[in-house]
Amino acid sequence: MRRQLATGLIAFGFLGGLVLPAPARSAAEVPELETFVVSGEQPGPGLWKVSKGDHVMWVLAAYAPLPKDMTWGTQQIEARITESQEVLYAANISIAPNIGLFRALTLIPAALKAGKIPDGRTLKDVLPPETYARWLELRQKYMGKDDDAEKYRPAIALEQLRGAAMRKSKLFGGPNVYAVVGDIRKKHKIASHMPAAVSRTVRVEDPRGMLKAAQKLQLPDVECFTSGLEQIEPEIERVRELGNAWARGDITKLRSMHRNLTFKEELNQSCANALMIALREGKSTDAAHLNKTMADFEWHAELASVQSQLNWIAAAKVALEKNPSTFAVLSVSDVLRPDGHIEKLRALGYTVEEPQ
């Protein structure tokens, strides 16, 4: 959730939101990458047990992405869902600008232009030779012949490369944990409950003016791009190891590797943030509007995250009171964070047992 909120915040600046998916390539265009990810049937993680008296809640920590070609042995969770009276989900969070769909559509041409390097230049024109050589090597490895990527600002090109590298490494396309739980629940006709959604609206002042200012922005993200290139393949390995740890039920490794980053830390790690900082440092009216928009979005995002957790805790208390057995599915982050949902229940006096 924190990563989604951070990505959304960047999108409010109309630059990070311009990250376009790499076009599909044939197998002949992109060389095959040797990877090791678990395949075949895997046990997945064990279940957290939260109890009060003789009432129990079984909690599954959902992780994504999971590797392609991996199947997940769901016998344990199917047994727990079948014996439960309710499946409890986390509350949805929605944070949206006030500009409306029609106005947003009219801004797309300006947004696309803001995502390109100014003055018709390409990455070859603006990057140091050694950095461009490394970019070209990785681009050809993961994206194939994608000349369009050369036109985008470094931060946006980097996000395109990162997504393509994850897909090429076969780290996407595995089972969707929430869909699997939903299918089992429907199969056995078990009731479901999702706490009240949290919806916030952020007022955006003069988005067209901010986009015009972005089009003139030079390239403050080159340095971040250079360091980001060298993090692409280590990040692939980290995501692969996390997926493998989840698939094998290795909670110790999952806990040791999982990054419990704060909202601001997630945002600050993005190269697109360098673009936003450059836009915000000006003294123009557009910079003032952007500063206010970003501050408002950050405030709404943190508030929505807290409210979502409170809504879930309230629903969990009700479920534990009325149901002999409840099954819940939460994100790995919500389960493992020191201030996450499970620890909040522990602090309220519920007994929490971690999977062995």
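Nothing here was measured: the structure is a model prediction, and the numbers come from that model.

Conventions adopted
Residues numbered from 1 in each chain as written. Predicted model: local features only at pLDDT ≥ 70, side-chain atom pairs only at ≥ 80, totals over all residues. Heavy atoms only, no water. Core = buried A, V, L, I, M, F, W, Y, C linked by side-chain atoms within 4.5 Å. Buried < 20%, exposed > 50% of the residue type's maximum accessible area, 1.4 Å probe, protein only. Salt bridge = Lys/Arg side-chain N within 4 Å of Asp/Glu carboxyl O. Helix = DSSP H or I, 4+ residues; strand = E, 2+ residues; numbered from the N terminus. pLDDT = per-residue confidence, 0-100. Contact = heavy atoms within 4.5 Å. Axes fitted to C-alpha atoms, helices over the stretch in contact; angles between N-to-C directions. Parallel < 35°, antiparallel > 145°, perpendicular 65-115°, else oblique. Left-handed = near helix turned anticlockwise from the far one by under 90°. Nonpolar A, V, L, I, M, F, W, Y, C, P; charged D, E, K, R; others polar. Pairing = 2+ DSSP bridges.

**Digging into the nonpolar core**
Ranked by internal contacts, the top residues of the largest apolar core, which has 71 residues, are Met 57, Trp 135 and Trp 246. Counting seven residues, the second largest nonpolar core, distinct from the first, contains Val 198, Phe 297, Ala 301 and Ala 304.

**Structural notes on the pattern of salt bridges**
A full pass over the atoms with the stated rule returns 17 salt bridges. The salt bridge partner of Glu 78 is Lys 187, with a shortest N-O separation of 3.0 Å. Of this pair, Glu 78 sits in helix α2 (residues 75-82) while Lys 187 sits in helix α7 (residues 177-187), and the two are 109 residues apart along the sequence. When its relative accessible area of 54% is taken as the criterion, Lys 187 is described as exposed. A salt bridge links Glu 343 to Arg 346, with the shortest nitrogen-to-oxygen separation between them at 3.0 Å. Here Arg 346 and Glu 343 lie together in helix α16 (residues 341-347), a separation of three residues that amounts to about one turn. Under the relative-accessibility criterion, Glu 343 is labelled partly exposed at 25%. By sharing partners, the salt bridges in this structure join Arg 134, Glu 137, Lys 141, Glu 230 and Glu 233 into a single network.

**A look at unusual backbone geometry**
The residue after Ala 64, namely Pro 65, is reached through a cis peptide bond having omega 0°. Tracing the chain through its elements places Pro 65 in the loop between β3 (55-62) and β4 (70-72). A positive phi angle is found at Lys 170, which is not glycine, with a value near 60°. Of note, Lys 170 is situated in the loop between α6 (154-168) and α7. In the Ramachandran plot, Lys 189 falls in the positive-phi region, its phi being about 55° despite a non-glycine side chain. Note that Lys 189 resides in the loop between α7 and β7 (191-193).

**Re the confidence of the model for the protein**
Regions with low pLDDT should not have their predicted coordinates read in detail. Per-residue confidence for the protein gives a mean pLDDT of 76, with 68% of residues at or over 70. When mean pLDDT is compared element by element in the protein, strand β5 (residues 86-88) scores highest at 97, while helix α1 (residues 2-12) scores lowest at 39. Taken together, the stretch residues 1-39 has pLDDT below 50 and engages in 104 contacts with residues farther than four places along the chain or on a different chain. Here residues 101-112 is modelled with pLDDT under 50, and outside its nearest four sequence neighbours on either side it reaches 13 contacts, counting other chains as well.

**Things to note about the packing of α6 against helix α9 (residues 222-229)**
The interhelical angle for the contact between α6 and α9, taken along N-to-C directions, is 20°, at an axis separation of 9 Å. When the interaxial angle is binned, α6 and α9 end up roughly parallel. Between α6 and α9 the crossing geometry is left-handed. On the side of α6, the interface is formed by Pro 154, Ala 157, Leu 158 and Leu 161, while α9 contributes Val 222, Phe 225, Gly 228 and Leu 229. Considering only residue class, the contact of α6 with α9 consists of seven nonpolar, one polar and no charged.

**Considerations on the sheet that holds strand β9 (residues 325-331)**
Spatially, six strands are ordered β7-β5-β9-β3-β2-β10 in an open sheet, and the strand pairing comes out mixed. Whereas interior strands pair on both sides, the edge strands pair on one side only; in this sheet they are β7 and β10 (351-353). Here the strands of the sheet are splayed against their neighbours by 25° on average, with no regard to which way each runs. Taken together, the seven bridges between β3 and β9 define a ladder with parallel strand orientation. Across the sheet, residue Ala 62 finds its bridge partner in β9, namely Ser 331. Against the sheet, α2 engages β3, β5 and β9, with an angle of about 130° to β9. On the sheet, α7 packs against β3, β5, β7 and β9 and is oriented at approximately 160° with respect to β9.

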